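Structure assessment
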Amino acid sequence: IINASVLLSRKEAIYTASLCAILYGSILDFQYYGKLGYFGISSLPAQQSGPTYVFYTIFLNILAYFLTAFLTGYLAERVKRSESALHDKEIDYAELERLYSSIVHNLDNGLVTLNTAGEIRVFNRFAEDLTGISQEEAYGRLLTEIIPGFPYPENDGYVQRKEIEFLNPHGIFITLGFKATPLFDKNGTRAGVIVTLQDISSYKKLEAELKKADRLAAIGELSARMAHEIRNPLASISGSVQLISQGNKVDVNDRKLLEIVLRETDRLNDLIGDFLAYARPIPPVKMPILVKQFLSDLISLLYTDQRFEQIEIENDLADSLSIMADRYQIQQVFWNLLVNSADAMQSCGTIVIGSELVKIESDDQKDKNMVIISISDNGKGMHGEEIKQVFNPFFTTKPGGTGLGLATVYRIIENHEGDIQVESVIGKGTTFKIFLPM
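What comes next is a walk through the structure.

**Focus on the overall build of the protein chain**
Along the protein chain, the regular secondary structure elements total 13 helices and twelve strands. Burial analysis of the protein chain (438 residues in total) assigns 34% to the buried set. When contacts within the protein chain are restricted to residue pairs at least 6 apart in sequence, those whose partners lie at least 24 apart make up 59%. By element, 57% of the accessible surface of the protein chain is carried by carbon and sulfur atoms, the whole surface being about 27000 Å².

**Quick word on the packing of aromatic side chains**
One pass over the full model with this rule turns up four aromatic pairs. Ring geometry for Phe 55 and Tyr 56: centres 5.7 Å apart, planes at 70 degrees, overall edge-to-face. Using a relative accessible area of 49% as the deciding quantity, one classes Tyr 56 as partly exposed. Here Phe 391 and Tyr 410 contribute two aromatic rings whose centre-to-centre distance is 5.4 Å and whose plane-to-plane angle is 40 degrees, an arrangement assigned as tilted. In this pair, Phe 391 is assigned in the loop between helix H12 (384-389) and helix H13 (405-415) and Tyr 410 in helix H13, connecting sequence segments 19 residues apart. Judged by its relative accessible area of 8%, Phe 391 is buried.

**Comments concerning the pattern of salt bridges**
Counted under the stated rule, the structure contains twelve salt bridges. Taking the shortest distance from any N to any O, the salt bridge between Glu 145 and Arg 141 comes out at 3.3 Å. For Glu 145, a relative accessible area of 47% puts it in the partly exposed group. Among the residues examined, Arg 141 registers a relative accessible area of 28% and is labelled partly exposed. Notably, a salt bridge pairs Arg 411 with Glu 414, separated by 3.7 Å at the nearest N-O pair. Taken together, the residues Arg 411 and Glu 414, both in helix H13 and three residues apart, mark about one turn of the helix. Its relative accessible area of 11% is what places Arg 411 among the buried residues. Here the residues in one salt-bridge network are Asp 305, Arg 307 and Asp 343, joined through shared partners.

**Some remarks on the environment of Ile 237**
With respect to the helices, strands and loops of the structure, Ile 237 is situated in helix H8 (residues 201-245). Note: C-alpha distance between Ile 237 and Leu 262 (25 residues apart in sequence) is 8.4 Å. What Ile 237 contacts, discounting residues up to four positions off in sequence, is Val 261 and Thr 265.

**Examining H13**
Within H13, eight of the eleven residues are buried, leaving the element largely enclosed by the surrounding structure. Along H13, the residues that are buried comprise Leu 406, Ala 407, Thr 408, Val 409, Tyr 410, Arg 411, Ile 412 and Ile 413. One or two positions beyond H13, positive phi appears at Glu 417, with a value near 60 degrees.

**Structural notes on the packing of helix H11 (residues 327-344) against H13**
For the pair H11 and H13, interaxial distance at closest approach is 9 Å and the crossing angle is 145 degrees. For H11 against H13, the interelement crossing comes out left-handed. In contact with Gln 329, Ile 330, Gln 332, Val 333, Asn 336, Leu 337 and Asn 340 of H11, H13 contributes Gly 405, Leu 406, Thr 408, Val 409, Ile 412 and Ile 413.

Analysis parameters
- Residues numbered from 1 in each chain as written.
- Predicted model: local features only at pLDDT ≥ 70, side-chain atom pairs only at ≥ 80, totals over all residues.
- Heavy atoms only, no water.
- Helix = DSSP H or I, 4+ residues; strand = E, 2+ residues; numbered from the N terminus.
- Buried < 20%, exposed > 50% of the residue type's maximum accessible area, 1.4 Å probe, protein only.
- Contact = heavy atoms within 4.5 Å.
- Areas by Shrake-Rupley, 256 points an atom, 1.4 Å probe, with all protein chains shown as cover.
- Phe/Tyr/Trp six-rings, centres within 6.5 Å; stacked < 30°, edge-to-face > 60°.
- Salt bridge = Lys/Arg side-chain N within 4 Å of Asp/Glu carboxyl O.
- Axes fitted to C-alpha atoms, helices over the stretch in contact; angles between N-to-C directions.
- Left-handed = near helix turned anticlockwise from the far one by under 90°.

Structure (structure tokens):
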């Protein structure tokens, strides 16, 4: 009966108990009536006990059989249900573990968990790509070993949001934003910290560009109003001074002073023109331009400038390289960049113009064909703070410079749906990279 309960089910155990009851009752009846003498079983003990004793013996045994069947069947079913529930739980836990691993692994942010000692436990794929260190290498190490200067969160229940500078495996400084929240166990005891990491360099760049765009909008509005008010008086001053200087009664010394006034008014007029070109640029009229021939013509003009007498310009562009651009505006771009390179080399050295074709993913998720035109010099170079401000209006390191040349270059490239970047090393030179649509 017990074996039937364990191996089969409660119903089969009751069947087995019924069969046992029939067999046991039959054996005692056969013994009582002497039908088992052939098997060496005497009827005398049963007849001496009497029919009442035999009946009660059969009844009690049958009752024990069925009680055993019910009890063992119930226990066996409980065990089977427990095993089934445990199996389902194991499947659920396995699915949850796979789901957790998949979510953590494919997050677009870095996810790191630390214990109370600040040692790393979880280090997802994004964090691996960000730092160049795998989960196995990071496990058990302090986060400050992997991200130097990272502050271990000491809060007991408050979310911390901070930013730090980090040198990534490619040797580029990026801005890491992180959020730290406390991690608690099932008893509510603090077990560590969950840290999410995000590369916010692009957001910082966008924020800076938006601020610059706001400044430019204000400057453009102001410049439109100031230009008329300044240029008209300048024209009057210049015309009046020219008339006075042409008179015969002007002293020689006074004539020199008048020449200075004329020169400075012309300079001021040019400055206002540069300012207007930067603040209120004219929309480009684009046309196909063969860049190598275009730059060759421009270089021929530059060689008439005494600043380029001892400078060699190498035009390494392909003959077939073509861009869509405004000829006048793009000439202004290359003119400013080449003159800046000559000034940086103090009129002695080599300027190399090169190109590279790349595909960049645009906002509509389609690859965009771009050409990178690089202008490299071997001049004195710039330090980090100068690189950050090089495209800001009125920032200049040249004596007598207006600080509007590179700012204007930036605006022109921006209006051509391109980008311009600068790389520089002190004592080795500077490279400007212009990204333009082909």
